[in-house]
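Remarks on the overall topology
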Amino acid sequence: MPGNPPQSPTARTTSEHGNCPSLYEVEETGDIVVQGDRLTDPEHLAQLRDVGEHETFVVPRELLTHFAPKK
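On a predicted model such as this, the values are computed, not experimentally measured, just so you know. (Residues numbered from 1 in each chain as written. Predicted model: local features only at pLDDT ≥ 70, side-chain atom pairs only at ≥ 80, totals over all residues. Heavy atoms only, no water.)

**A closer look at the overall build of the protein**
- The helix and strand tally for the protein stands at two helices and four strands.
- The helix and strand sequence of the protein, counted from the amino end, reads β-β-β-α-β-α.
- Looking at the protein as a whole, 7% of its 71 residues are labelled buried.
- Considering only contacts within the protein whose residues lie at least 6 apart along the sequence, 23% involve residues at least 24 apart.
- Here the protein has roughly 6800 Å² of accessible surface; of this, 55% comes from carbon and sulfur atoms. (Helix = DSSP H or I, 4+ residues; strand = E, 2+ residues; numbered from the N terminus. Buried < 20%, exposed > 50% of the residue type's maximum accessible area, 1.4 Å probe, protein only. Contact = heavy atoms within 4.5 Å. Areas by Shrake-Rupley, 256 points an atom, 1.4 Å probe, with all protein chains shown as cover.)

Laid out in structure tokens, this is it:
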């Protein structure tokens, strides 16, 4: 018996007309998916480490809460 299909991520956006940037929360994992302009600058890309050909960028909630400004 197959499992339940994953739910669509919940969108949070600062866009007024459907353009980026947007954040999506994956309810099953709490991960955050960031939508924005594709990063193409070679200098910026060179700063990313250990990115496999099969990988994309998803931010685990723990990273956001760990690195978020604290007041």
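**Thoughts on the environment of Glu 25**
- Looking at the secondary structure, you find Glu 25 in strand E2 (residues 22-25).
- Sequence-wise, Glu 25 and Arg 61 are 36 residues apart; in three dimensions their C-alpha atoms are separated by 9.0 Å.
- Polar contacts involving the side chain of Glu 25 include one to the side chain of Arg 61, which spans 2.7 Å. (Polar contact = N/O pair within 3.5 Å; in protein donor to acceptor, adjacent residues only side chain to side chain.)

**Points about the pattern of salt bridges**
- All chains considered together, the criterion is met by one salt bridge.
- For Arg 61, the salt bridge goes to Glu 25, with nearest N and O atoms at 2.7 Å. Of this pair, Arg 61 sits in helix H2 (residues 61-67) while Glu 25 sits in strand E2; the two residues are 36 residues apart in sequence, bridging distant segments of the chain.
- Residue classification places Glu 25 among the partly exposed residues on the basis of a relative accessible area of 25%. (Salt bridge = Lys/Arg side-chain N within 4 Å of Asp/Glu carboxyl O.)

**Brief notes about a nonpolar patch on the surface**
- On the surface, a cluster of nonpolar side chains totalling about 410 Å² of accessible area is made up of Leu 39, Leu 45, Leu 48, Val 51 and Phe 57.
- The residue Val 51 is located in the loop between helix H1 (42-46) and strand E4 (58-59) in this model. (Patch = residues over 30% accessible without salt bridge, like charges linked within 9 Å, V, L, I, M, F, W, Y side chains within 5 Å.)

**Some points on unusual backbone geometry**
- Positive phi, close to 55°, is recorded for Asp 50, a residue that is not glycine.
- For Asp 50, the position within the fold is in the loop between H1 and E4.
- On the basis of relative accessible area, Asp 50 is assigned to the exposed category, the value being 75%.

**Digging into the pairing of strand E3 (residues 32-35)**
- Relative to E3, E2 runs antiparallel, the two sharing four bridges. Each bridged residue has a counterpart across the sheet, and for Tyr 24 the counterpart in E3 is Val 33.
- Joining the antiparallel neighbours E2 and E3 is a turn of six residues, in which Gly 30 adopts a positive phi near 80°.
- When E3 meets E4, the two strands line up antiparallel, connected through two bridges. Among the inter-strand pairings, Val 33 is bridged to a residue of E4, identified as Val 58. (Pairing = 2+ DSSP bridges.)

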